[in-house]
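Reading the structure
The lines below spell out each chain.
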Amino acid sequence: MNVIALTAVDLTIAACLVMILAVLSAWLQLGLGKKIVIAGVRTTVQLLLIGFVLKVLFEQSHLTWISLLAMVMLLVAGREVMARQKRRFGGWWGFGLGTMTMFVSSFSITVFVLLMIIQNDPWYKPQYAIPLLGMMLGNTMTGIALALDRLTDSAWQQRGVIEAQLSLGYDWRSAIRGMARDSVRVGLVPMLNAMAAAGLVSLPGMMTGQILSGTPPLEAVKYQILIMFMITAGTGFATMGAVWIGAKHLFDERQRLRLDRIKS
Amino acid sequence: MEQQQESVISLQDVSVNGLSPVNLSVNSGECICLSGPSGSGKSLLLRALADLIPHQGEVYFNGQACSSIPPTQWRKQVGLLAAESFWWHEHVGEHFSKRCDDDLQRMGFDKSVYEWSVTRCSTGERQRLALLRLLCLQPKVLLLDEPTASLDEKNVEAVEALIKDFVKKGGAVIWVSHDPNQIKRVADRHYQIINNQLQEKAA
(Lines give C-alpha, C1' and ligand atoms only; values in the text may rest on other atoms or scores of the structure.)
Protein backbone atom coordinates (compact mmCIF):
# COMPACT_ATOMS: atom_id res chain seq x y z
CA MET A 1 0.00 0.00 0.00
CA ASN A 2 1.68 3.21 -1.09
CA VAL A 3 -0.64 5.52 0.77
CA ILE A 4 0.82 8.17 3.08
CA ALA A 5 -0.58 7.47 6.54
CA LEU A 6 -1.99 10.42 8.41
CA THR A 7 -1.02 11.01 12.02
CA ALA A 8 -3.07 12.57 14.81
CA VAL A 9 -0.96 15.70 14.39
CA ASP A 10 -1.90 15.91 10.71
CA LEU A 11 -5.59 15.80 11.55
CA THR A 12 -5.17 18.33 14.35
CA ILE A 13 -3.66 20.77 11.86
CA ALA A 14 -6.68 20.23 9.61
CA ALA A 15 -8.98 20.67 12.59
CA CYS A 16 -7.36 24.07 13.23
CA LEU A 17 -8.72 25.22 9.87
CA VAL A 18 -12.24 24.38 11.01
CA MET A 19 -11.61 26.09 14.36
CA ILE A 20 -10.52 29.25 12.56
CA LEU A 21 -13.73 29.08 10.54
CA ALA A 22 -15.74 28.70 13.78
CA VAL A 23 -14.01 31.69 15.37
CA LEU A 24 -14.54 33.76 12.24
CA SER A 25 -18.24 32.93 12.07
CA ALA A 26 -18.64 33.72 15.78
CA TRP A 27 -16.95 37.05 15.18
CA LEU A 28 -19.30 37.74 12.24
CA GLN A 29 -22.25 36.67 14.44
CA LEU A 30 -23.46 34.13 11.90
CA GLY A 31 -24.81 31.99 14.72
CA LEU A 32 -22.92 29.07 13.29
CA GLY A 33 -19.86 28.92 15.56
CA LYS A 34 -21.29 26.30 17.88
CA LYS A 35 -22.79 24.30 15.02
CA ILE A 36 -19.46 24.13 13.21
CA VAL A 37 -17.71 22.78 16.30
CA ILE A 38 -20.47 20.23 16.98
CA ALA A 39 -20.51 19.10 13.35
CA GLY A 40 -16.74 18.77 13.42
CA VAL A 41 -16.82 16.67 16.56
CA ARG A 42 -19.69 14.54 15.19
CA THR A 43 -17.92 13.78 11.95
CA THR A 44 -14.73 12.84 13.81
CA VAL A 45 -16.47 10.55 16.30
CA GLN A 46 -18.83 8.94 13.77
CA LEU A 47 -16.12 8.26 11.21
CA LEU A 48 -13.71 6.92 13.85
CA LEU A 49 -16.46 4.60 15.09
CA ILE A 50 -17.30 3.29 11.63
CA GLY A 51 -13.54 2.97 11.04
CA PHE A 52 -13.25 0.67 14.05
CA VAL A 53 -16.36 -1.26 13.00
CA LEU A 54 -14.96 -1.75 9.51
CA LYS A 55 -11.54 -2.71 10.89
CA VAL A 56 -13.07 -5.46 13.03
CA LEU A 57 -15.39 -6.49 10.20
CA PHE A 58 -12.55 -6.74 7.69
CA GLU A 59 -10.59 -8.96 10.05
CA GLN A 60 -13.57 -11.26 10.68
CA SER A 61 -15.15 -11.31 7.20
CA HIS A 62 -18.15 -12.97 8.78
CA LEU A 63 -21.40 -12.91 6.78
CA THR A 64 -23.57 -12.45 9.90
CA TRP A 65 -21.79 -9.27 10.97
CA ILE A 66 -21.67 -7.91 7.46
CA SER A 67 -25.43 -8.49 7.12
CA LEU A 68 -26.02 -6.81 10.45
CA LEU A 69 -24.10 -3.71 9.42
CA ALA A 70 -25.92 -3.72 6.05
CA MET A 71 -29.26 -3.82 7.89
CA VAL A 72 -28.30 -0.90 10.13
CA MET A 73 -27.28 1.09 7.04
CA LEU A 74 -30.59 0.24 5.39
CA LEU A 75 -32.69 1.28 8.38
CA VAL A 76 -30.87 4.59 8.76
CA ALA A 77 -31.31 5.27 5.03
CA GLY A 78 -35.02 4.34 5.31
CA ARG A 79 -35.48 6.80 8.14
CA GLU A 80 -33.75 9.47 6.07
CA VAL A 81 -36.08 8.83 3.10
CA MET A 82 -39.05 9.31 5.41
CA ALA A 83 -37.67 12.45 7.01
CA ARG A 84 -37.03 14.12 3.64
CA GLN A 85 -40.67 13.99 2.53
CA LYS A 86 -42.92 16.91 3.28
CA ARG A 87 -46.05 14.77 3.02
CA ARG A 88 -45.64 11.08 3.57
CA PHE A 89 -47.77 8.01 3.99
CA GLY A 90 -49.05 7.44 7.50
CA GLY A 91 -48.21 4.50 9.72
CA TRP A 92 -45.85 1.76 8.59
CA TRP A 93 -46.16 2.81 4.95
CA GLY A 94 -44.21 6.01 5.66
CA PHE A 95 -41.11 4.06 6.62
CA GLY A 96 -41.80 0.75 4.90
CA LEU A 97 -42.35 1.88 1.31
CA GLY A 98 -38.99 3.61 0.88
CA THR A 99 -37.09 1.07 2.95
CA MET A 100 -38.51 -1.97 1.17
CA THR A 101 -37.93 -0.68 -2.36
CA MET A 102 -34.45 0.47 -1.37
CA PHE A 103 -33.75 -2.95 0.14
CA VAL A 104 -34.88 -4.93 -2.89
CA SER A 105 -33.11 -2.73 -5.42
CA SER A 106 -29.83 -1.93 -3.61
CA PHE A 107 -29.24 -5.36 -2.14
CA SER A 108 -30.05 -7.33 -5.26
CA ILE A 109 -27.88 -5.16 -7.50
CA THR A 110 -24.99 -5.13 -5.03
CA VAL A 111 -25.13 -8.91 -4.60
CA PHE A 112 -25.41 -9.34 -8.36
CA VAL A 113 -22.32 -7.20 -8.99
CA LEU A 114 -20.36 -8.93 -6.22
CA LEU A 115 -21.19 -12.37 -7.58
CA MET A 116 -21.04 -11.78 -11.31
CA ILE A 117 -18.52 -8.95 -11.75
CA ILE A 118 -16.20 -8.61 -8.76
CA GLN A 119 -16.12 -12.38 -8.12
CA ASN A 120 -14.14 -12.15 -4.93
CA ASP A 121 -13.58 -15.08 -2.56
CA PRO A 122 -15.70 -15.05 -0.47
CA TRP A 123 -18.11 -12.96 -2.55
CA TYR A 124 -19.26 -10.95 0.47
CA LYS A 125 -15.73 -9.75 1.33
CA PRO A 126 -16.52 -6.57 3.32
CA GLN A 127 -13.78 -4.48 1.69
CA TYR A 128 -15.92 -4.54 -1.46
CA ALA A 129 -19.41 -5.32 -0.19
CA ILE A 130 -19.78 -2.53 2.38
CA PRO A 131 -18.53 0.44 0.29
CA LEU A 132 -20.52 -0.71 -2.74
CA LEU A 133 -23.68 -1.11 -0.71
CA GLY A 134 -23.07 2.21 1.02
CA MET A 135 -22.84 4.06 -2.28
CA MET A 136 -25.92 2.26 -3.60
CA LEU A 137 -27.98 3.11 -0.53
CA GLY A 138 -26.84 6.72 -0.40
CA ASN A 139 -27.88 7.43 -3.97
CA THR A 140 -31.02 5.30 -4.02
CA MET A 141 -32.10 7.06 -0.85
CA THR A 142 -31.90 10.45 -2.55
CA GLY A 143 -33.79 9.24 -5.63
CA ILE A 144 -36.63 7.63 -3.69
CA ALA A 145 -36.97 10.53 -1.29
CA LEU A 146 -37.20 13.06 -4.14
CA ALA A 147 -39.64 10.94 -6.14
CA LEU A 148 -42.00 10.09 -3.27
CA ASP A 149 -41.94 13.66 -2.06
CA ARG A 150 -42.99 14.80 -5.51
CA LEU A 151 -45.65 12.09 -5.83
CA THR A 152 -47.45 12.74 -2.55
CA ASP A 153 -47.13 16.49 -2.91
CA SER A 154 -48.52 16.61 -6.44
CA ALA A 155 -51.38 14.26 -5.54
CA TRP A 156 -52.21 16.64 -2.72
CA GLN A 157 -51.91 19.78 -4.82
CA GLN A 158 -53.82 18.31 -7.75
CA ARG A 159 -56.47 16.35 -5.87
CA GLY A 160 -59.16 18.28 -7.73
CA VAL A 161 -57.79 17.18 -11.10
CA ILE A 162 -57.48 13.56 -9.97
CA GLU A 163 -61.03 13.44 -8.64
CA ALA A 164 -62.39 15.20 -11.72
CA GLN A 165 -60.83 12.47 -13.86
CA LEU A 166 -62.20 9.73 -11.61
CA SER A 167 -65.63 11.35 -11.85
CA LEU A 168 -65.42 11.04 -15.62
CA GLY A 169 -64.82 7.31 -15.32
CA TYR A 170 -61.00 7.30 -15.66
CA ASP A 171 -59.29 4.52 -13.75
CA TRP A 172 -56.74 5.35 -11.06
CA ARG A 173 -53.82 4.59 -13.37
CA SER A 174 -54.84 7.18 -15.92
CA ALA A 175 -55.64 9.70 -13.22
CA ILE A 176 -52.18 9.50 -11.60
CA ARG A 177 -50.06 8.62 -14.66
CA GLY A 178 -48.73 12.08 -15.42
CA MET A 179 -47.80 12.79 -11.83
CA ALA A 180 -46.19 9.37 -11.39
CA ARG A 181 -44.06 9.93 -14.50
CA ASP A 182 -42.93 13.32 -13.26
CA SER A 183 -42.04 11.82 -9.90
CA VAL A 184 -39.85 9.11 -11.43
CA ARG A 185 -38.16 11.73 -13.58
CA VAL A 186 -37.46 13.94 -10.56
CA GLY A 187 -35.92 10.96 -8.75
CA LEU A 188 -33.67 10.00 -11.65
CA VAL A 189 -32.46 13.36 -12.90
CA PRO A 190 -29.75 13.96 -10.23
CA MET A 191 -28.09 10.65 -11.14
CA LEU A 192 -28.33 11.31 -14.88
CA ASN A 193 -26.82 14.76 -14.34
CA ALA A 194 -24.02 13.23 -12.30
CA MET A 195 -23.27 10.78 -15.11
CA ALA A 196 -23.31 13.54 -17.71
CA ALA A 197 -20.97 15.77 -15.71
CA ALA A 198 -18.66 13.03 -14.43
CA GLY A 199 -15.03 13.72 -15.16
CA LEU A 200 -15.70 17.08 -16.80
CA VAL A 201 -17.03 19.14 -13.94
CA SER A 202 -16.16 16.99 -10.96
CA LEU A 203 -14.01 14.00 -10.20
CA PRO A 204 -16.26 11.49 -8.45
CA GLY A 205 -15.35 10.94 -4.79
CA MET A 206 -14.71 7.24 -4.97
CA MET A 207 -12.39 7.54 -7.94
CA THR A 208 -10.51 10.35 -6.25
CA GLY A 209 -10.14 8.22 -3.14
CA GLN A 210 -8.78 5.30 -5.09
CA ILE A 211 -6.29 7.50 -6.91
CA LEU A 212 -5.17 9.01 -3.59
CA SER A 213 -4.54 5.55 -2.23
CA GLY A 214 -2.36 4.68 -5.19
CA THR A 215 -4.66 2.90 -7.64
CA PRO A 216 -3.66 3.58 -11.25
CA PRO A 217 -6.09 6.18 -12.67
CA LEU A 218 -7.43 3.88 -15.37
CA GLU A 219 -8.30 1.19 -12.82
CA ALA A 220 -10.00 3.80 -10.64
CA VAL A 221 -11.94 5.05 -13.66
CA LYS A 222 -13.18 1.56 -14.47
CA TYR A 223 -14.46 1.14 -10.94
CA GLN A 224 -16.12 4.52 -11.11
CA ILE A 225 -17.93 3.56 -14.31
CA LEU A 226 -19.11 0.35 -12.70
CA ILE A 227 -20.38 2.27 -9.69
CA MET A 228 -22.16 4.85 -11.85
CA PHE A 229 -23.99 2.12 -13.76
CA MET A 230 -24.91 0.29 -10.57
CA ILE A 231 -26.19 3.41 -8.91
CA THR A 232 -28.18 4.54 -11.92
CA ALA A 233 -29.83 1.16 -12.40
CA GLY A 234 -30.47 0.79 -8.67
CA THR A 235 -31.88 4.27 -8.27
CA GLY A 236 -34.01 3.85 -11.38
CA PHE A 237 -35.56 0.52 -10.41
CA ALA A 238 -36.09 1.56 -6.80
CA THR A 239 -37.64 4.88 -7.77
CA MET A 240 -39.99 3.27 -10.28
CA GLY A 241 -40.99 0.62 -7.77
CA ALA A 242 -41.57 3.09 -4.96
CA VAL A 243 -43.58 5.45 -7.15
CA TRP A 244 -45.67 2.63 -8.62
CA ILE A 245 -46.51 1.10 -5.22
CA GLY A 246 -46.98 4.53 -3.66
CA ALA A 247 -49.31 5.65 -6.45
CA LYS A 248 -51.38 2.50 -6.02
CA HIS A 249 -51.58 3.10 -2.29
CA LEU A 250 -52.98 6.61 -2.91
CA PHE A 251 -56.15 4.84 -4.06
CA ASP A 252 -58.26 2.20 -2.36
CA GLU A 253 -59.97 -0.87 -3.78
CA ARG A 254 -62.85 1.31 -5.02
CA GLN A 255 -60.34 3.56 -6.79
CA ARG A 256 -61.00 6.51 -4.52
CA LEU A 257 -58.22 9.03 -3.92
CA ARG A 258 -57.32 8.49 -0.27
CA LEU A 259 -55.39 11.56 0.82
CA ASP A 260 -56.18 10.60 4.41
CA ARG A 261 -53.36 8.08 3.98
CA ILE A 262 -50.90 10.96 3.69
CA LYS A 263 -49.68 13.02 6.60
CA SER A 264 -47.99 16.37 6.32
CA MET B 1 -86.60 -4.59 -3.13
CA GLU B 2 -89.61 -3.91 -5.39
CA GLN B 3 -89.22 -0.22 -4.95
CA GLN B 4 -85.51 -0.33 -5.73
CA GLN B 5 -86.24 -1.92 -9.07
CA GLU B 6 -88.28 1.12 -10.15
CA SER B 7 -85.95 3.81 -8.96
CA VAL B 8 -82.84 4.64 -10.94
CA ILE B 9 -80.77 5.50 -7.93
CA SER B 10 -81.58 4.74 -4.34
CA LEU B 11 -79.72 5.31 -1.10
CA GLN B 12 -79.97 2.93 1.81
CA ASP B 13 -78.71 4.28 5.13
CA VAL B 14 -75.98 6.26 3.40
CA SER B 15 -74.04 8.40 5.83
CA VAL B 16 -70.90 10.48 5.60
CA ASN B 17 -69.06 12.52 8.15
CA GLY B 18 -71.73 13.13 10.77
CA LEU B 19 -74.72 13.22 8.45
CA SER B 20 -77.48 10.94 9.76
CA PRO B 21 -78.18 7.93 7.55
CA VAL B 22 -80.01 8.95 4.40
CA ASN B 23 -82.71 6.89 2.70
CA LEU B 24 -83.80 8.27 -0.62
CA SER B 25 -84.89 7.08 -4.05
CA VAL B 26 -84.91 9.01 -7.28
CA ASN B 27 -86.95 7.65 -10.16
CA SER B 28 -86.38 7.86 -13.84
CA GLY B 29 -87.48 11.27 -15.11
CA GLU B 30 -87.21 12.90 -11.71
CA CYS B 31 -85.14 15.80 -10.45
CA ILE B 32 -84.71 16.36 -6.73
CA CYS B 33 -83.02 19.30 -5.09
CA LEU B 34 -80.87 19.38 -1.97
CA SER B 35 -80.26 22.45 0.09
CA GLY B 36 -78.87 23.25 3.48
CA PRO B 37 -76.31 25.47 5.17
CA SER B 38 -72.73 25.27 3.93
CA GLY B 39 -70.78 22.59 5.71
CA SER B 40 -73.90 20.49 6.25
CA GLY B 41 -72.56 17.72 4.02
CA LYS B 42 -74.35 18.23 0.69
CA SER B 43 -71.20 18.02 -1.38
CA LEU B 44 -69.89 15.14 0.70
CA LEU B 45 -73.13 13.25 0.08
CA LEU B 46 -72.78 13.75 -3.67
CA ARG B 47 -69.15 12.63 -3.53
CA ALA B 48 -70.24 9.52 -1.63
CA LEU B 49 -72.90 8.79 -4.26
CA ALA B 50 -70.21 8.98 -6.95
CA ASP B 51 -68.20 6.60 -4.73
CA LEU B 52 -65.34 9.07 -4.45
CA ILE B 53 -65.15 8.91 -0.65
CA PRO B 54 -65.65 6.09 1.86
CA HIS B 55 -69.15 6.04 3.30
CA GLN B 56 -71.53 3.87 5.25
CA GLY B 57 -74.64 2.36 3.73
CA GLU B 58 -75.24 1.28 0.17
CA VAL B 59 -76.24 3.02 -3.05
CA TYR B 60 -78.14 1.16 -5.76
CA PHE B 61 -78.28 1.92 -9.45
CA ASN B 62 -81.19 0.15 -11.19
CA GLY B 63 -81.23 -2.21 -8.23
CA GLN B 64 -77.52 -3.05 -8.47
CA ALA B 65 -75.39 -2.28 -5.44
CA CYS B 66 -72.55 0.17 -5.99
CA SER B 67 -70.10 -2.22 -4.33
CA SER B 68 -70.91 -4.86 -6.97
CA ILE B 69 -70.11 -2.63 -9.96
CA PRO B 70 -66.54 -1.65 -10.95
CA PRO B 71 -65.94 1.94 -9.80
CA THR B 72 -65.08 3.30 -13.26
CA GLN B 73 -68.32 1.95 -14.66
CA TRP B 74 -70.30 3.27 -11.70
CA ARG B 75 -68.95 6.78 -12.13
CA LYS B 76 -69.77 6.80 -15.83
CA GLN B 77 -73.41 6.02 -15.03
CA VAL B 78 -73.65 8.18 -11.93
CA GLY B 79 -71.95 11.35 -13.13
CA LEU B 80 -70.80 13.96 -10.64
CA LEU B 81 -70.36 17.61 -11.59
CA ALA B 82 -68.25 19.14 -8.81
CA ALA B 83 -68.74 22.74 -7.72
CA GLU B 84 -65.32 23.67 -9.07
CA SER B 85 -64.32 22.43 -12.51
CA PHE B 86 -60.82 21.10 -13.12
CA TRP B 87 -58.89 20.87 -16.41
CA TRP B 88 -55.59 19.15 -17.05
CA HIS B 89 -54.88 19.42 -20.79
CA GLU B 90 -54.08 22.62 -22.63
CA HIS B 91 -57.10 22.67 -24.93
CA VAL B 92 -60.78 22.27 -24.13
CA GLY B 93 -61.33 19.58 -26.76
CA GLU B 94 -58.74 17.22 -25.30
CA HIS B 95 -61.00 16.76 -22.27
CA PHE B 96 -63.90 15.47 -24.34
CA SER B 97 -64.08 11.74 -24.98
CA LYS B 98 -66.42 12.38 -27.87
CA ARG B 99 -67.93 15.39 -29.59
CA CYS B 100 -71.44 16.53 -28.69
CA ASP B 101 -72.06 19.46 -30.98
CA ASP B 102 -75.82 19.82 -30.44
CA ASP B 103 -75.55 20.43 -26.72
CA LEU B 104 -72.59 22.69 -27.40
CA GLN B 105 -74.74 25.08 -29.41
CA ARG B 106 -77.49 25.08 -26.83
CA MET B 107 -74.98 26.27 -24.29
CA GLY B 108 -73.90 29.11 -26.55
CA PHE B 109 -70.66 27.65 -27.89
CA ASP B 110 -69.71 26.63 -31.41
CA LYS B 111 -67.29 23.96 -32.57
CA SER B 112 -64.32 26.29 -32.30
CA VAL B 113 -64.51 25.95 -28.52
CA TYR B 114 -62.66 22.63 -28.80
CA GLU B 115 -59.60 24.55 -29.97
CA TRP B 116 -59.78 27.06 -27.14
CA SER B 117 -57.04 27.09 -24.58
CA VAL B 118 -58.45 26.31 -21.14
CA THR B 119 -56.67 29.26 -19.56
CA ARG B 120 -58.65 31.57 -21.87
CA CYS B 121 -62.02 30.40 -20.51
CA SER B 122 -63.83 32.27 -17.76
CA THR B 123 -65.04 30.46 -14.65
CA GLY B 124 -68.58 30.45 -16.02
CA GLU B 125 -67.46 29.05 -19.37
CA ARG B 126 -65.49 26.34 -17.63
CA GLN B 127 -68.50 25.43 -15.52
CA ARG B 128 -70.74 25.06 -18.56
CA LEU B 129 -68.06 23.15 -20.48
CA ALA B 130 -67.58 20.80 -17.50
CA LEU B 131 -71.29 19.99 -17.66
CA LEU B 132 -71.04 19.29 -21.38
CA ARG B 133 -67.95 17.17 -20.83
CA LEU B 134 -69.93 15.08 -18.36
CA LEU B 135 -73.08 14.82 -20.49
CA CYS B 136 -71.03 13.49 -23.41
CA LEU B 137 -70.50 10.31 -21.39
CA GLN B 138 -74.28 9.86 -21.33
CA PRO B 139 -74.70 9.17 -17.61
CA LYS B 140 -78.05 7.90 -16.34
CA VAL B 141 -77.85 9.88 -13.11
CA LEU B 142 -76.52 13.40 -12.71
CA LEU B 143 -75.20 14.68 -9.38
CA LEU B 144 -74.95 18.44 -9.70
CA ASP B 145 -73.15 20.57 -7.13
CA GLU B 146 -74.36 24.13 -7.66
CA PRO B 147 -73.91 23.98 -11.43
CA THR B 148 -75.10 27.55 -12.02
CA ALA B 149 -73.22 29.25 -9.19
CA SER B 150 -71.16 31.57 -11.36
CA LEU B 151 -73.45 31.98 -14.36
CA ASP B 152 -75.47 34.95 -15.59
CA GLU B 153 -79.24 34.76 -15.99
CA LYS B 154 -79.22 33.74 -19.64
CA ASN B 155 -76.80 30.89 -19.03
CA VAL B 156 -78.66 29.74 -15.92
CA GLU B 157 -81.70 29.37 -18.15
CA ALA B 158 -79.74 27.42 -20.75
CA VAL B 159 -78.32 25.03 -18.14
CA GLU B 160 -81.72 24.49 -16.55
CA ALA B 161 -83.25 23.74 -19.96
CA LEU B 162 -80.49 21.27 -20.76
CA ILE B 163 -80.96 19.44 -17.45
CA LYS B 164 -84.73 19.42 -17.91
CA ASP B 165 -84.23 17.67 -21.25
CA PHE B 166 -81.94 15.16 -19.60
CA VAL B 167 -84.70 14.45 -17.06
CA LYS B 168 -87.36 14.24 -19.78
CA LYS B 169 -85.32 11.59 -21.56
CA GLY B 170 -85.51 9.43 -18.43
CA GLY B 171 -82.49 10.61 -16.48
CA ALA B 172 -82.45 11.11 -12.72
CA VAL B 173 -80.95 14.22 -11.15
CA ILE B 174 -79.83 15.16 -7.65
CA TRP B 175 -79.17 18.87 -7.67
CA VAL B 176 -77.58 20.90 -4.88
CA SER B 177 -78.83 24.48 -5.05
CA HIS B 178 -79.02 27.49 -2.77
CA ASP B 179 -81.50 29.44 -4.85
CA PRO B 180 -85.14 28.93 -3.70
CA ASN B 181 -86.46 30.20 -7.03
CA GLN B 182 -84.30 27.80 -8.97
CA ILE B 183 -85.45 24.94 -6.74
CA LYS B 184 -89.06 25.90 -7.47
CA ARG B 185 -88.34 25.88 -11.18
CA VAL B 186 -86.52 22.55 -11.46
CA ALA B 187 -87.29 20.32 -8.48
CA ASP B 188 -89.90 17.56 -8.35
CA ARG B 189 -89.03 17.15 -4.71
CA HIS B 190 -86.95 19.27 -2.37
CA TYR B 191 -84.89 18.03 0.56
CA GLN B 192 -83.15 20.09 3.20
CA ILE B 193 -80.38 19.15 5.56
CA ILE B 194 -81.32 20.47 9.01
CA ASN B 195 -79.33 19.44 12.07
CA ASN B 196 -77.59 16.65 10.14
CA GLN B 197 -80.93 15.23 9.08
CA LEU B 198 -82.22 15.06 5.54
CA GLN B 199 -85.85 16.17 5.54
CA GLU B 200 -88.31 16.49 2.69
CA LYS B 201 -89.73 19.95 2.37
CA ALA B 202 -93.41 20.24 1.45
CA ALA B 203 -93.91 21.84 -1.94
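Structure shown above.
Notes on the structure in this doc start here. (Residues numbered from 1 in each chain as written. Chains lettered and ligands numbered in written order. Predicted model: local features only at pLDDT ≥ 70, side-chain atom pairs only at ≥ 80, totals over all residues.)

Right, let's get into helix α5 (residues 123–135) of chain B. Residues and elements named next belong to chain B. Here α5 spans 19 Å end to end across 13 residues, near enough to the 18 Å set by a 1.5 Å rise per residue. Taken as a whole, α5 has its buried residues at E125, Q127, R128, L129, A130, L131, R133, L134 and L135. Those residues of α5 that are buried lie in contact with β6 (78–81), α4 (101–106) and α6 (153–168). (Helix = DSSP H or I, 4+ residues; strand = E, 2+ residues; numbered from the N terminus. Expected span 1.5 Å × (residues − 1). Buried ≥ 20, exposed ≤ 12 C-beta atoms within 10 Å, placed from the backbone. Contact = placed C-beta atoms within 7 Å.)

The next thing to look at is the sheet that holds strand β4 (residues 56–61) of chain B. All names here are of chain B. Across the sheet, four strands lie side by side as β2-β1-β4-β5; this open sheet has antiparallel pairing. The two strands at the open ends of the sheet, each matched to only one other strand, are β2 (22–27) and β5 (64–65). Examined bridge by bridge, strand β1 (residues 7–15) and β2 share five bridges and lie antiparallel to one another. What sits directly across from I9, in β2, is V26. (Pairing = 2+ DSSP bridges.)

Below, the discussion takes up the packing of helix α7 (residues 172–197) of chain A against helix α9 (residues 217–249) of chain A. Residue and element names in this part refer to chain A. Where α7 meets α9, the axes come as close as 10 Å, and the angle between the chain directions of the two elements is 165°. With respect to α9, the element α7 is oriented roughly antiparallel. Judged by the sense of rotation from one axis to the other, the crossing of α7 with α9 is right-handed. Residues I176, A180, S183, V184, G187, L188, M191 and M195 of α7 lie in contact with α9, whose contacting residues are M228, I231, T232, T235, G236, T239, M240, V243 and A247. Residues of the contact of α7 with α9, tallied by class, amount to eleven nonpolar, six polar and no charged. (Axes fitted to C-alpha atoms, helices over the stretch in contact; angles between N-to-C directions. Parallel < 35°, antiparallel > 145°, perpendicular 65-115°, else oblique. Left-handed = near helix turned anticlockwise from the far one by under 90°. Nonpolar A, V, L, I, M, F, W, Y, C, P; charged D, E, K, R; others polar.)

Let us look at the environment of A:D252. Relative to the helices and strands, A:D252 resides in the loop between α9 and β2 (262–263). Between the C-alpha atom of A:D252 and that of A:N139, which follows or precedes it by 113 residues, the distance is 31 Å.

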